[in-house]
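Tertiary structure, described
Each chain is listed here by its residues.
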Amino acid sequence: MIRIDFSNLMQNSIGKSGLVSEDFDRIDIERINESLMQRKYPELEFLDLHKADTSRIKELGKYAGGFENFILLGIGGSALGPRSIMDSLRPFHNFKNKPRVFIYDNVDPATLKNILSLIDLKKTVINVITKSGSTAETIASFMIIWQKLKEQSLKAEEHIIVTTDPEKGNLRKIVDDHGLRSLPVPQGVGGRYSVLSAVGLLLAEAIGIDSDEMLKGAKDIHDRCMNPDLRQNPAYMFASGLYLMQQLKNRNITVIMPYADRLKSFSEWFCQIWAESLGKDGKGLTPYPSVGTTDQHSQLQLWMEGPEDKVVVFLSVEDYGADMEIPPVFQNMEGLSYLSGHTLGELIKIEQEASEIALTKKGRPGITIKIPKIDAYHLGQLFHFFEISTAVTGLLYGINPFNQPGVEEGKNLTYGMMGKKGYEAKREEFEKYRQQKKFEI
Ligand code: PA5
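Keep in mind it's a predicted model, so treat the numbers as computed, not measured. (Residues numbered from 1 in each chain as written. Predicted model: local features only at pLDDT ≥ 70, side-chain atom pairs only at ≥ 80, totals over all residues. Heavy atoms only, no water.)

**Topic: the pairing of strand E3 (residues 100-104)**
In terms of burial, E3 is largely enclosed, as four of its five residues are buried. Where strand E2 (residues 69-73) meets E3, five bridges bridge the pair, whose relative direction is parallel. Within E3, the position partnered with Ile-71 by the bridge is Phe-102. (Buried < 20%, exposed > 50% of the residue type's maximum accessible area, 1.4 Å probe, protein only. Helix = DSSP H or I, 4+ residues; strand = E, 2+ residues; numbered from the N terminus. Pairing = 2+ DSSP bridges.)

Rendered as structure tokens:
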């Protein structure tokens, strides 16, 4: 089970920049409990994903796993979760295993061209993921691949697996019209809360990760995160701690710093859920992705002596599943020989704690999440824990943590310029803006 150490948020540890226990009395935890229990937002359905039956996902995972290549088309919540599962649990997968996985989550033409030049479509399965079924970026690349399949007389129903809304949307219609294989994203589960649905689990199964193990992890942490007692509930404590740090101590930035290369993509997944869920009505917390030890040599200086606006969330790993001893070479060089006899695992763990202590001594707050092992079970816990924590933080701010109204305007302007019906006024606005004089040198 993951464990979370909150001591470095507290005055006992970091002095006056920390919180005192009474600060947590300000949190109206009854209101939060009620919101979760009564499913104040339909999107709280993500809370139930750990109970899902994975048999169809497993069946299609096995099917997809039989191909030489697996292309995933999706963006935002439809790509960051699957990528983070793969990078965490199957690092370097593509170097030695099939299917080789390509996650295309942009509309950069050079990337898609590169991917297509590396694969033989005949030996490729394409998992197109879009909950809404209409995201321009995903649909554009899907249209290109659809056409390429046609040009090669390949059957879409053999090469495409669609992950989308169970009933609505353009993609569901395409599934029905063409008899495509498909998996549902439950209606009440929003993109960035969907990693433990077919969105993340199909890829997991295709590359040999047991999705049930991930859901078991989620289930086990779920019960702890539903505890109505604030001080016994890790998600409530995480959300409240960061919320209070912002409200009382002006700590607006949440740094996430896993000490594991494998969790680098997990940082990116966290940044999306944290940013898109909380940044509303002038409120929110800014996520900041990082990885230890690497960013000790890049960012740590700023956190130690720069503006006092951050809380550093360390993810420390107890068992890396591998270790390497540093051999007794360069023994006559005092500046290097001290390393001999130690292991890399020892060094990375010591460095994590050393950064924690150094920040603490400076009165800079932090939280440490201790992960026994990076495996499917604990990754499932991490995802579910951070999803609940994010939703709860949003509830504390009194904002809706499940929508993203701020991204609409850019989409509408794009629709206008790309000629979508009904968006003509947006096109005019766009063109007018282009003609305006710019302060350009
Ligand atoms: O979290 C969200 O809802 C978004 O980031 C979506 O995942 C993203 O916009 C992609 O949406 P869709 O799955 O509908 O293509």
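**Comments concerning the sheet that holds strand E4 (residues 124-129)**
Here we have five strands laid out as an open sheet, ordered E3-E2-E4-E5-E6, and parallel in their pairing. Since the sheet does not close on itself, it has two edges, and those belong to E3 and strand E6 (181-184), each with one partner. Averaged over all pairs of adjacent strands, the angle between strand axes in this sheet comes to 15°, irrespective of strand direction. Two elements, E4 and strand E5 (residues 160-164), share four bridges in a ladder whose sense is parallel. Counterpart to Ile-126 in the pairing with E5 is Ile-160. Contacts from helix H10 (residues 198-206) reach E2, E3, E4, E5 and E6 within the one sheet, and its direction differs from that of E2 by about 170°. (Axes fitted to C-alpha atoms, helices over the stretch in contact; angles between N-to-C directions. Contact = heavy atoms within 4.5 Å.)

**Quick notes on the site of the ligand**
Taken together, 13 residues lie near the ligand, and Thr-130, Lys-131, Ser-132, Thr-135 and Gln-272 sit nearest. The contact in question runs from an oxygen atom of the ligand to an N or O atom on the side chain of Thr-130, over 2.7 Å. Lys-131 places a polar main-chain atom, nitrogen or oxygen, 2.8 Å from an oxygen atom of the ligand. A total of 380 Å² of accessible area belongs to the ligand in isolation, and the protein chains cover 86% of it. (Near = heavy atom within 4 Å. Polar contact = N/O pair within 3.5 Å; in protein donor to acceptor, adjacent residues only side chain to side chain. Areas by Shrake-Rupley, 256 points an atom, 1.4 Å probe, with all protein chains shown as cover.)

**Looking at the packing of helix H11 (residues 211-225) against helix H17 (residues 376-397)**
The contact between H11 and H17 brings their axes to 6 Å, and the two run at 45°. In terms of orientation, H11 and H17 fall into the oblique class. For the pair H11 and H17, the crossing hand works out as right-handed. Where H11 approaches H17, its residues Glu-213, Met-214, Lys-216, Gly-217, Ala-218, Asp-220, Ile-221, His-222 and Cys-225 are matched on the opposing element by Ala-376, Tyr-377, Leu-379, Gly-380, Gln-381, Phe-383, His-384, Phe-385 and Ile-388. Looking at the contact of H11 with H17 residue by residue, the classes come out as ten nonpolar, five polar and three charged. (Parallel < 35°, antiparallel > 145°, perpendicular 65-115°, else oblique. Left-handed = near helix turned anticlockwise from the far one by under 90°. Nonpolar A, V, L, I, M, F, W, Y, C, P; charged D, E, K, R; others polar.)

**What to know about a nonpolar patch on the surface**
Taken together, the side chains of Val-329, Phe-330, Met-333 and Leu-336 define a hydrophobic patch exposed on the protein surface, amounting to about 380 Å² of accessible area. Counting through the fold element by element, Leu-336 comes out in helix H15 (residues 334-337). By relative accessible area, which is 40% here, Leu-336 ends up partly exposed. (Patch = residues over 30% accessible without salt bridge, like charges linked within 9 Å, V, L, I, M, F, W, Y side chains within 5 Å. Salt bridge = Lys/Arg side-chain N within 4 Å of Asp/Glu carboxyl O.)

**Things to note about unusual backbone geometry**
Between Lys-98 and Pro-99 the backbone carries a cis peptide bond, its omega angle lying at -10°. Examined against the element boundaries, Pro-99 turns out to sit in the loop between helix H5 (93-96) and E3. Of note, the bond from Gly-292 into Thr-293 is cis; its omega dihedral lies within 30 degrees of zero at 0°. The phi angle at Arg-39 is positive, at roughly 45°, despite the residue not being glycine. On the secondary structure map, Arg-39 appears in the loop between helix H2 (29-37) and helix H3 (55-65). Residue class for Arg-39 comes out partly exposed when judged on its relative accessible area of 30%. Its identity is not glycine, yet Asp-281 carries a phi of approximately 55°, on the positive side. Along the chain, Asp-281 falls in the loop between helix H13 (264-278) and strand E8 (286-289).

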